[in-house]
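# Working through the structure, step by step
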Amino acid sequence: MGSPVQQLALVDCNNFYVSCERVFRPDLARVPMVVLSNNDGCVVSRSNEARALGIKMGQPWFECKELAEQHSILAFSSNYALYADLSNRVMSILSNFAPRHEVYSIDECFVDLTGIPKLREVSYAMRARVGQWTGIPVCVGIGPTKTLAKLANHVAKKHPRSRGVFNYNALTPAQKANLLQHIPAEEVWGVGRKLTKKLARHGIETVHDLQQAHVPTLRAEFGVVMEKIQRELQEIPCIELREIQPDRQQIIVSRSFGNMVTELPVLQDALSAFVANACAKLRAQSSHAAVIQVFLQTNRFRKDLPQYMPSLAVPLPYPTNDSLGVNRWAAALCERMFRPDYQYKKAGIVLCEISPVTQRQGDLLEPQIPCNERLMKALDALNQRYGRGTVKVSTQGAYRDWQMRQERKSPNYTTAWDDVPLV
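Anyway, here's the lowdown on the structure attached to this text.

Calculation notes
Residues numbered from 1 in each chain as written. Predicted model: local features only at pLDDT ≥ 70, side-chain atom pairs only at ≥ 80, totals over all residues. Heavy atoms only, no water. 1 Å grid on protein atoms, 1.4 Å probe; cavity = no way out; pocket = protein on both sides within 12 Å on 5 of 7 lines; lining within 4 Å. Points joined across faces, edges and corners; volume = space filled by probe spheres on them. Helix = DSSP H or I, 4+ residues; strand = E, 2+ residues; numbered from the N terminus. Nonpolar A, V, L, I, M, F, W, Y, C, P; charged D, E, K, R; others polar. Pairing = 2+ DSSP bridges. Axes fitted to C-alpha atoms, helices over the stretch in contact; angles between N-to-C directions. Contact = heavy atoms within 4.5 Å. Buried < 20%, exposed > 50% of the residue type's maximum accessible area, 1.4 Å probe, protein only. Polar contact = N/O pair within 3.5 Å; in protein donor to acceptor, adjacent residues only side chain to side chain. Phe/Tyr/Trp six-rings, centres within 6.5 Å; stacked < 30°, edge-to-face > 60°.

Taken as a whole, the largest pocket spans an internal volume of roughly 2400 Å³. What lines the largest pocket is a set of 50 residues, and nearest its centre among them are A81, N277, G387, R388 and G389. The set of elements that each furnish at least two residues to the lining of the largest pocket consists of α4 (80–94), β9 (251–261), α12 (264–284) and α14 (373–386). Class assignment of the residues belonging to the lining of the largest pocket gives a composition of 20 nonpolar, 18 polar and twelve charged. Of all elements in the fold, only β1 (8–13), α1 (16–23), β3 (43–46), α2 (48–52), α6 (146–158) and α8 (192–200) reach the threshold of two or more residues within the lining of the second largest pocket. It is α6 that contributes the most residues to the lining of the second largest pocket, six residues altogether. Taken together, the residues of the lining of the second largest pocket sort by class into 14 nonpolar, nine polar and 14 charged.

Here five strands make up an open sheet; going across it, the order is β5-β6-β1-β7-β8 and the pairing mixed. Each having just a single partner strand, β5 (101–105) and β8 (165–167) make up the two edges of the open sheet. When strand polarity is set aside, the average angle formed by the axes of neighbouring strands in this sheet is 15 degrees. The sheet contact formed by β1 and strand β7 (residues 138–143) spans six bridges and is antiparallel. Among the inter-strand pairings, A9 is bridged to a residue of β7, identified as I142. Of the strands in this sheet, β1, β5 and β6 (108–112) touch α4, which is tilted by about 10 degrees from β6.

On to the pairing of β1. Most of β1 sits inside the fold, with six of its six residues counted as buried. Here β1 shows a buried face lined by L8, L10 and D12 and a second buried face lined by A9, V11 and C13. Where β1 and β6 come together, five bridges link them in antiparallel fashion. What sits directly across from L8, in β6, is D112.

What follows concerns the side chain of H288. Within the secondary structure, H288 sits in strand β10 (residues 287–298). Polar side-chain contacts of H288 include one of 3.2 Å to the backbone oxygen of P356. Setting aside residues up to four positions removed in sequence, H288 forms contacts with L282, P319, T320, N321, E353, I354, S355, P356, V357, Q359 and R360.

With five of five residues buried, β6 lies mostly within the body of the structure. Burial of the side chains of β6 extends over both faces: E108, F110 and D112 are buried on one face and C109 and V111 on the other. Counted along the chain from β5 to the antiparallel partner β6, the turn is two residues long.

Taken as a whole and assessed by the stated rule, the structure comprises ten aromatic pairs. Between Y17 and Y83, the ring centres sit 4.3 Å apart and the planes meet at 15 degrees, which makes this aromatic pair stacked. Within this pair, whereas Y17 is found in helix α1, its partner Y83 is found in helix α4, the two being separated by 66 residues in sequence. Geometrically, the ring pair formed by F338 and Y344 is tilted, given 5.8 Å between the ring centres and 35 degrees between the ring planes. Both residues of the pair, F338 and Y344, belong to the buried class.

As structure tokens, this is what we get:
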């Protein structure tokens, strides 16, 4: 007998950011609303009511204001601390349903239900428990591969008769073919709009077309990634479940500023915050970096302003995860690139050539490597206990000009004592 068909479930939170805002505001249950990106720029999450009114994902908010006023659409600034906390609670609940699972993103989790009886009942139990314990609605799609589990989840969301759960494996071959013939190719995980246009030129418009396409032609035109997608659609697993996330090989921290920045100390203050965040991520995975890159950007959407987008990368004297040492290099690179005649809208740092802290190349000319390991451990412990940014380096947080614009931000209901709801 062959191995049993894999029963891979994708549990996806519905309109996650919007759902998080509604957990503590039940009065918003049927109100059209959206959540905006950094600096309240674009729509990154929308309720079903807002979608029905014509609000598009990724649409700039200034384009929506007239429609929002006409239909009383509410807008909230992104509250990342709240979303991350509720996401952790959802993932913790899902981990109790099966020994193998993969947290794929802040609002998605793959759960391996292979060998577990009564899949439909278990799926509804997951939905009910997450909804009862966190207030977040989820849908469950089950398939033999990750790609088909994502498609099954798409069906679970779109068709009310599924009641939030759809099992692709339970269909007959004829039913599977009929279903895939009615789903556009752009709904396939990893395809998207750009590839959809190229696929259409080859007569591939539906998921069924992609599943049955000529393999050599597909590989020659689109490469091995598209071949893997096709094999996944043919129920051949090519994308494994990753229970342990691999260490990052590159860490990028950047942000658009709430206001234009024209002064060097303000830019250095922003970079200091980015360094603290990046180095904390390095230490969390017990790694250090050997190269730092710093970049600055003016507002490329402002054609009336002069443009300047410099970038510099240098190897560090020795691999490190020390926030103090990396911050000195970031400040020096920023000073070297800074030109006073420009208005800066964004900056960021990149740490690369990352390796485990146990792998360190000695230096005959500088055998004693400076180390603030105990200081960094104390800093991380305090920030973990009392909140990120509680303890900072001296150059961090002196200026507010660059901080994100969050004029519509809700309280941090679960991550700050002062914002805990009162009953």
